[in-house]
Amino acid sequence: MNNKVRVRFAPSPTGYLHLGSVRTALYNWLFARQNQGVFILRIEDTDRARSTEEAIKVIIEGLQWLGLNWDEGPYFQMERLDIYKKYAEQLIQEEKAYYCYCTPEELEDIRQSALAEKKPPKYDGRCRYLTEEEKKEYEKQERKPVVRFKTPRKGETTFVDLIHGEVKFENLLLDDFVLLKSDSVPTYNFAVVTDDQLMEITHVLRGDDHISNTPRQILLYQAFNWQLPKFAHFPMILGIDRGRLSKRHGAVSVLEYKKQGYLPEALINYLALLGWGTKESEEIFASEELIKNFSLERCGKSAAVFDLQKLVWLNSLYIRQIPIEKFYFYGREELEKANLIPENTDENYIKKALALEQEKIKLLTDIPNLLEFFFKEDIIYREEAINKVLRKEGTDKILDDSAVFLNAQENFNADHLEEIVRKYCAEKNLNTKQVFHPLRVAVSGKTEGPSLFHMLELLGKERVIKRIEKAKIFTKIVVSG
RNA sequence: GCCGCCAUCGUCUAGGGGUUAAGGACGCCGCCCUCUCAAGGCGGAGAUCACGGGUUCGAAUCCCGUUGGCGGCACCA
């Protein structure tokens, strides 16, 4: 028997690709890669009302962005209806399933009265033993039946979860759940089991929320005499209020994180850490290291709160680490989106500007704001910068002098400029800060930014002088009131 | 209501009977470095290991119970 690991990610295409789903996908992917197994993508689109083409696109795009490549699929359950029908019929034949003609209204009544008696709201199985006459009567009424499973009414179903250990359920608590809906589309539990069997899935790795579906599925495996896969259920990801992570906690869609300027490797790293850790509590893992180190045994059992601050930190760390060529690729995109790059701008100029700010970028989307002054001719002088720096006593004289001696320089490289500015400070008996700060504000409009002299070098003499002249206006305005 | 899962700093976690008045990371605070902002370095605050009972010479660690949180109980997945 072939014992190659085969796992799957089986999202339903309703809406966006949720972070929790992505982590499930990631863990499946890691497990497959680590075991030289097969990672399958299966789209569970049997909910016709909610499934959309758009959502399918989003799943595929999201996984691709994150580099979670799959080896088989995508399979679509709606293209496999004949298969499910065939297996449902087999169960009916073997009297392990039956047609149920109850209407939604009747089912609702059953539920309500059960609830009223403080009993579990489950189907009572009334169609289990219909006579031929009764069936005919219903057929005459043109009722479309569903197929229900004859759930055993005694015994218990036990399984060993790879991360939770033994889990036990009383069969009596389960009801005769639906296998095929009245339109012959399978329900989740039925489709999952037949697909996992036919696709030879060896390990079912999914979210905690499926734990209570597992006994139903196991009962189906047993009805078919199929061998059980191994199960592992990952804990949920929660929002700060410890509720299920949802839109009210902020972005929850993977592609939204792409849009907001996160790097895929940062998101992967962060998600991996949410529910899994090493003995040494290391934090930084590239994908290859995750593949090597990941293990189901080291997955936690308790739900984890999603912490955006830590993601941001990881993101800034990854941004600092990427080589300038790659950073240029991302940076240029952001600058173009913000319409900041004038025509005929030299590639090297952009690259150098980016290099000067790289270590400060937390999100790629920070780039336009931080680099604006390198590209716009009319820079904005921030009010705080004007008040705190430009309006200081003596600043006008310093800017005057600077314009003169900077203008006299042939050599405009950073080291040289630093030398002469420091010399000027010494001659005039000025604290370096008294000169550096006004120059910085004059040239960038801000009090914070990259190293002053590298900034001057990059901007070039012409622009520097022009900006210094412009900044002088602010030194003369006297605040009234 | 019933069933199930879970429970260590604000958050993610390490630690699975004694070497732990619990280690790391994010965040927060302070200092250093420094032309600013970051980054970096150093340090600090922050957890009576949910609570109550056992077991044991000894329990964050094992067992039971309670509480709380979450999940499931659909012709949703």
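Conventions and cut-offs
Residues numbered from 1 in each chain as written. Chains lettered and ligands numbered in written order. Predicted model: local features only at pLDDT ≥ 70, side-chain atom pairs only at ≥ 80, totals over all residues. Heavy atoms only, no water. Axes fitted to C-alpha atoms, helices over the stretch in contact; angles between N-to-C directions. Helix = DSSP H or I, 4+ residues; strand = E, 2+ residues; numbered from the N terminus. Parallel < 35°, antiparallel > 145°, perpendicular 65-115°, else oblique. Contact = heavy atoms within 4.5 Å. Near = heavy atom within 4 Å. Polar contact = N/O pair within 3.5 Å; in protein donor to acceptor, adjacent residues only side chain to side chain. Phe/Tyr/Trp six-rings, centres within 6.5 Å; stacked < 30°, edge-to-face > 60°. Buried < 20%, exposed > 50% of the residue type's maximum accessible area, 1.4 Å probe, protein only. Lys NZ or Arg CZ within 6 Å of the ring centre and 35° of its normal. Pairing = 2+ DSSP bridges. Domains from an automatic or database assignment. Buried area = accessible area lost by both parts, 1.4 Å probe. Right-handed = clockwise from strand over helix to strand, strands pointing away.

Observations regarding the packing of helix 1 (residues 19-34) against helix 9 (residues 264-273)
Inference 1: Remark: helix 1 packs on helix 9, axes separated minimally by 10 Å, with the N-to-C direction vectors making an angle of 85 degrees. Here helix 1 lies roughly perpendicular to helix 9, going by the angle between them. Contacts from Leu19, Val22, Arg23, Leu26 and Tyr27 in helix 1 reach Leu267, Ile268, Leu271 and Ala272 in helix 9.

Points about the protein's contact with RNA strand B
Inference 1: Taken together, 64 residues surround RNA strand B, and among them Asp47, Lys181, Lys360, Phe436 and Gly449 come closest.
Inference 2: Near the protein, meaning within 4 Å, the atoms of RNA strand B are sugar or phosphate in a fraction of 71%, with bases accounting for the rest.
Inference 3: Between RNA strand B and lysine 310 there is a distance of 3.2 Å, counted from a base nitrogen to a side-chain nitrogen or oxygen.
Inference 4: Contact between RNA strand B and arginine 440: a base oxygen at 2.7 Å from a side-chain N or O atom of the residue.

Some remarks on the packing of aromatic side chains
Inference 1: Applying the stated rule across the entire model yields 21 aromatic pairs.
Inference 2: Look at tyrosine 27 and phenylalanine 294: their rings are 4.9 Å apart centre to centre, the planes differ by 45 degrees, and that puts the pair in the tilted class. Residue tyrosine 27 is located in helix 1, and its partner phenylalanine 294 is located in the loop between helix 10 (287-293) and strand 12 (304-305); the two are separated by 267 residues in the primary sequence. Comparing tyrosine 27 with phenylalanine 294, the two get one shared label, buried.
Inference 3: Through pairs of rings, three or more aromatic residues link up here, namely Tyr27, Phe234, Trp276, Phe285 and Phe294.
Inference 4: Above the plane of the ring of tyrosine 75 lies arginine 80, whose end atom (NZ or CZ) is 5.8 Å from the centre.
Inference 5: One residue, lysine 351, lies across the ring of tyrosine 328, its end atom 5.1 Å from the ring centre.

A few points about the sheet that holds strand 1 (residues 6-9)
Inference 1: Pairing is parallel across the open sheet formed by three strands, whose spatial order is 1-2-3. Pairing within the sheet leaves two strands with one partner each, and these edge strands are strand 1 and strand 3 (72-76). On average, each strand axis in the sheet is inclined to that of its neighbour by 25 degrees, with strand direction left out of account.
Inference 2: Strand direction decides the pairing type here: strand 2 (residues 38-43) and strand 3, joined by three bridges, are parallel. Residue pairing across strands places isoleucine 40 opposite glutamate 72, the latter belonging to strand 3.

Looking at the domain arrangement of chain A
Inference 1: By domain assignment, chain A separates into domain 1 (1-74 + 235-321), domain 2 (82-180), domain 3 (323-375) and domain 4 (383-476).
Inference 2: Centre-to-centre separation of domain 3 and domain 4, based on C-alpha positions: 23 Å.
Inference 3: The interface is formed by 10 residues belonging to domain 3 together with 11 residues belonging to domain 4.
Inference 4: Note on domain 3 versus domain 4: buried area summed over both sides is about 900 Å², and carbon and sulfur give 67% of it.
Inference 5: When the area that domain 3 buries against domain 4 is broken down by residue, the three leading residues are Tyr349, Leu356 and Phe373, summing to 61%.

Let's talk about helix 6 (residues 188-198)
Inference 1: Of all 11 residues that make up helix 6, eight are buried, and the element is covered over most of its length.
Inference 2: If you check which residues of helix 6 are buried, you get Asn189, Phe190, Ala191, Val192, Val193, Thr194, Asp195 and Asp196.
Inference 3: Buried residues along helix 6 sit against strand 1, strand 2, helix 3 (81-93), strand 8 (178-180), strand 9 (203-207) and helix 7 (214-224).

Thoughts on the pairing of strand 2
Inference 1: Counting buried positions along strand 2 yields six of six residues, so the element is predominantly enclosed.
Inference 2: Neither face of strand 2 is left uncovered, since the one carrying Val38, Ile40 and Arg42 and the one carrying Phe39, Leu41 and Ile43 both have all their residues buried.
Inference 3: As judged from the four bridges shared by strand 1 and strand 2, these two strands associate in the parallel manner. In the sheet register, arginine 6 faces strand 2, and the bridge partner there is valine 38.
Inference 4: The β-α-β motif built from strand 1, the intervening helix 1 and the parallel element strand 2 has right-handed crossover chirality.

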